[in-house]
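# Remarks on the overall topology
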Amino acid sequence: MRIITLNLNGIRSAARKGFFDWLARQDADFVCLQELKARPDQLPALLFEREGYWCHWHGAGGYSGVAILVRKEISPLPPAFDHPALDFETRL
């Protein structure tokens, strides 16, 4: 099993530096991303509609935000997270 976790410090900045090309070459079962600093509607579907993966974005209205990609072969259902009492900054 391969798990990747990255603090992107902004997914748009990471995209300009080749993040999506790099991600396509990885054979990860889980990809955990922190500090997105963007919403899915601010990006091409390149990340959150990756073939073979479920994707869940949480937050990213501005400052922080996280996302997780899970290989569909591992999880029959898409991931979902909801813990507003602990996650008011969208970091979980």
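Summary of the structure given here. Counting of residues starts from 1 at the beginning of each chain's written sequence and follows it residue by residue. Where local features are concerned, this predicted model is filtered to residues with pLDDT of at least 70; where side-chain atom pairs are given and counted, the filter is 80 or more; whole-chain, interface and lining totals use all residues. Just so you know, side-chain values use all the structure's heavy atoms and leave hydrogens and water out.

So, about the sheet that holds strand E2 (residues 30-34). Ordered in space as E1-E2-E4-E3, the four strands form an open sheet in which the pairing is mixed. Taken across any chain shown, the strands that pair with only one partner, and hence form the sheet edges, are strand E1 (3-7) and strand E3 (53-58). Recorded for the sheet is a direction-independent mean angle of 10 degrees between the axes of neighbouring strands. Pairing between two strands requires that DSSP report at least two bridges joining them. The helix count covers DSSP runs of H or I at least four residues long, the strand count covers runs of E at least two residues long, and both are numbered beginning at the N terminus. Pairing of E1 with E2, which is carried by five bridges, proceeds in the parallel orientation. Counterpart to Thr5 in the pairing with E2 is Cys32. Lines fitted to C-alpha atoms define the axes here, with helix axes fitted over just the stretch in contact, and angles between the N-to-C directions of these axes take values from 0 to 180 degrees.

Each Phe, Tyr or Trp ring, with Trp reduced to its six-membered ring, pairs with another whose centre is within 6.5 Å; inter-plane angles below 30 degrees give stacked pairs, above 60 give edge-to-face pairs, and intermediate values give tilted ones. Per the counting criterion, the structure on display carries two aromatic pairs. One aromatic cluster is present, formed by Phe19, Phe20 and Trp22 through successive ring pairs. Sitting above the plane of the Trp54 ring, Lys72 keeps its charged end 4.6 Å from the centroid. Lysine and arginine charges are scored as sitting over a ring when NZ or CZ, respectively, is within 6 Å of the ring centre and within 35 degrees of the ring normal.

Let us look at the nonpolar core. Residues Leu8, Ile11, Phe19, Val31, Leu33, Leu36 and Trp57 are the most contacted members of the largest nonpolar core, which totals 17 residues. Residue assignment for this core shows that the elements contributing at least two residues are helix H1 (11-16), helix H2 (19-25), E2, E3 and strand E4 (66-71). Top contributing element to this core by residue count: H2, with three residues. The set of buried Ala, Val, Leu, Ile, Met, Phe, Trp, Tyr and Cys residues whose side-chain atoms join them within 4.5 Å is what this entry labels a nonpolar core. Burial here depends on accessible area, computed with a 1.4 Å probe over protein chains only, as a share of the maximum for the residue type. Under 20% is buried, over 50% is exposed, and the range in between is partly exposed.

The side-chain alternation of E2 yields one buried face, formed by Val31 and Leu33, and one unburied face, formed by Phe30, Cys32 and Gln34. Pairing between E2 and E4: five bridges, direction antiparallel. Within E4, the residue paired with Leu33 across the bridge is Ala67.

Read these as geometric descriptors, not functional statements.
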